[in-house]
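Coordinate analysis (summary)
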Amino acid sequence: MAFRSDYPDIEPLDLPIHEAVLANAAEHPDTPALIDGITGRSVSYAELDAGSRRIAAGLAEAGVRKGDVIALHSPNSIAYPAAFYGATRAGATVTTVSSLATAGELASQLRDSRARWIITISLFLPVALAAAEVLAAEGSPIREIFVCDASEGHRSLTDLLASTAPEPAPQLDPATDIAVLPYSSGTTGLPKGVMLTHRNISSNLLQTDTLHTTGVGERILAVLPFFHIYGLHALLNHPLRCGSTVVVLPRFDLEQFLRTIQEHRIEAILAAPPIVLALAKHPLVDQYDLSSVRYLLSAAAPLDAELADACARRLGLPRVLQGYGMTELSPVTHVVPLDDADAPPGTVGRLVASTELRVVSLDDPGKDLGTGESGELLFRGPQVMRGYFARQSETDAVIDPDGWLHTGDVGYVDERGYLFVVDRVKELIKYKGYQVAPAELEALLLTHPEIADAAVIGVTGGDGVERPKAYVVRAPGSGLTEQEVTDFVAGQVAPYKKVREVEFLDVVPKSASGKILRRELRDRAR
Ligand code: 4UU
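Residues numbered from 1 in each chain as written. Predicted model: local features only at pLDDT ≥ 70, side-chain atom pairs only at ≥ 80, totals over all residues. Heavy atoms only, no water.

So, about the pattern of salt bridges. Using the criterion set out here, one finds 31 salt bridges in the structure. Here Lys-510 and Asp-453 are joined by a salt bridge, their closest N and O atoms 2.8 Å apart. Residue Lys-510 is found in the loop between strand E27 (501-504) and helix H15 (518-525), and its partner Asp-453 is found in strand E25 (residues 451-460); the two are separated by 57 residues along the sequence. Using a relative accessible area of 15% as the deciding quantity, one classes Asp-453 as buried. Of the charged contacts, one joins Arg-467 and Asp-463 as a salt bridge, the two residues approaching to 2.9 Å between their closest N and O atoms. The class for Arg-467 is partly exposed, based on a relative accessible area of 24%. (Salt bridge = Lys/Arg side-chain N within 4 Å of Asp/Glu carboxyl O. Helix = DSSP H or I, 4+ residues; strand = E, 2+ residues; numbered from the N terminus. Buried < 20%, exposed > 50% of the residue type's maximum accessible area, 1.4 Å probe, protein only.)

So, about the UniProt feature "domain: AMP-dependent synthetase/ligase" (unreviewed entry) in the chain. As recorded in UniProt, the feature "domain: AMP-dependent synthetase/ligase" (unreviewed entry) lies at residues 24-389. Between the C-alpha atoms that bound residues 24-389 there is a distance of 32 Å. The span itself is 31% helix and 20% strand. (UniProt positions renumbered as here; feature names shortened; annotations may be inferred.)

Moving on, we come to the site of the ligand. Not every one of the 22 residues close to the ligand is listed here, only the nearest: His-228, Thr-327, Asp-409, Lys-426 and Lys-430. Contacts to the ligand include Thr-327, whose side-chain N or O atom sits 2.5 Å from an oxygen atom. Interatomic distance of 2.7 Å between a side-chain N/O atom of Lys-426 and an oxygen atom of the ligand. Relative to its unbound accessible surface of 670 Å², the ligand loses 98% to contact with the protein. Where the shell around the ligand is concerned, the elements lending two or more residues are helix H8 (229-242), strand E15 (321-325) and strand E22 (419-424). The leading source of residues in the shell around the ligand is E15, at four residues. Of the residues in the shell around the ligand, the class split is 12 nonpolar, six polar and four charged. (Near = heavy atom within 4 Å. Polar contact = N/O pair within 3.5 Å; in protein donor to acceptor, adjacent residues only side chain to side chain. Areas by Shrake-Rupley, 256 points an atom, 1.4 Å probe, with all protein chains shown as cover. Nonpolar A, V, L, I, M, F, W, Y, C, P; charged D, E, K, R; others polar.)

Of all the five residues making up strand E18 (residues 356-360), five are buried; the element is thus mostly covered by neighbouring parts of the structure. Going residue by residue along E18, you find Glu-356, Arg-358 and Val-360 tucked away on one face and Leu-357 and Val-359 tucked away on the opposite face as well. With two bridges connecting them, strand E1 (residues 3-4) and E18 associate as antiparallel partners. Looking at E18, one finds that Phe-3 is bridged to Leu-357. (Pairing = 2+ DSSP bridges.)

This is how it looks when you write it as C-alpha cells:
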C-alpha cells in the first residue's frame, strides 16, 4: 500500500530554476532580497534579477555554454545567488561545493562532475588553484576561475556585471536539463553528483508553496550553508521565490547568530539539530531579544523530542517544526507547516503534494507495511532526482524500475498520516546535518602505509550528535596511535568529516563477498 499526499495534486512545474525563483521579482523590486548580517549591505530584488542577467551575459561572453558545469565554491554571501542564477541563466549546471572542501576534495568533485569553470572567492583561491592544477595535470584543465569579490588576474562578479553582451537565451528543457549537481553519497559508497533537473527543483518549490509561504520582506536567517541542498532550497530558492528577505551569515557563531536575530528582527530560522541544542541550552541565549522569531524548523538529522520541547519553551514558540528531505529528493517530502497545531511531537510532517510514500519491510523488502509499522521509506514524485551523474548502476540501485527512490531511512506513518523517522539503514553518517561518507574515509585511511584495513561508522553520543568512528587494523609491526590516525584524516578532509573516535581491531568484520559488516560494528559500539 502506498501512502498518498492529502494535498491537492500539482502539475510538475516546467520552469527553469531562475524563473521559478525570480519571475515575481519585478513585483517587489525595492524589497531587499538579501542582507549581509554582518555589514548590513543589501541586494534588492531588482538588483538580484538584473545582476543575475548581467552575470549570465558575462559568463556567456567568457565562453560558458548550455550544459557546461560550473563549480560554485563559496561560503554564504549576498553575492552567492546572483552567481548561482547567473550561471543557470547562461544554461550551465551548477555543482555546489562545500566551502570547507580541501583542494583534494574540490579536485575530486571537479573531475567527477566534469566541471570546466569555477566561481570562488579570493580567500579560497589557493584551494581552487591547487585543485585546478591537479585537473590540468590530468589533461582536463579548468577554463577559467572567477571570483565573487576581487583578486588580481581573475575576473570578478563586478567584471561580469559590466558585460555589455546580450543576455544569453539557452533553450532549456526543464524536464531533462540539469540545474544543480550537488554531491551526496546516497545510501552507499562515495559522494556522487545528484542530477536535479529544473523541473525537479521547480516542482519541489511549488510543493513547498502548498505547505507554507513566507511573506514579502519577511526576514529569514541564512546560516546553514547554501552549498547543501537544505540551505539552497529553504534559505535561497524558496524564500526568494516568496519575496522574503534573506539575512546571510557566513558561518555559525552563536553570539553573532543571536545578535543578528535581535538586530534584524528575524522571523524564521531554518536550522539543524545542533542549533536547536544551542538555543535550548546555552546561557548566552537569555541575553538577546529573540521575540521576533515565530518559525523555527529543524531538519537534516534526527531531533530529540525533549530537546525540541525545551527549545520551543525557551523561545516562547508553540513548537519546533521539523522537516525531512534528502538531496536526491530535491530535497523535500515532509515539513510540518506553521499553522498545523495538531502535529504530534517528533513528527517530520505529512507528505507534500503529488508525492507517494511506501514503507517496506526491512526483513522482506517486497512487503509493504501499513500505519504504525516501521520500514524503509520509498518515495515517488516529481522531485525524485534524474539519477547520479555518469553512474547508471548506482542510480539503478536507488531508483527502481517503477520510479521509487529507496532512501535507506527507516520510519513509520501514524493513523493520521504523520511520518516519524526512526533509524537509518544506509552507510551515510550525518555529523551535525553534514554528510560524511564512510567509504570516502575508509579509502583515505587505506592510503596510510601503517593501516592494513579500516571501517568507519557513525556513533551517537549522549548529546545526540552522530560522529564518525574509525575501526583500524594496524599493519604488522606498526605502533600507530589513535591521535596519528585522527591527525592523518584531519589533514585531508573538510573539518566536519574528521574521524572523532578510533578503535584498533585485529580484523574488520566482513561478509563472504568482502562487504564490511557495519551492523556488527554498530552492535560493538553499543
Ligand atoms: C532525521 O539533509 C538533507 C535535506 C534536508 C532537508 C532539506 C530541506 C530537509 C527539509 C527541507 O525543507 O539532505 P541530505 O541528502 O544531506 O541528507 C539526507 C538524509 C536523510 O536521508 C536522513 O537520513 O538526512 C537525514 N535526515 C533526517 N533524519 C534529513 N532530515 C531528517 C530528519 N530526521 N528530520
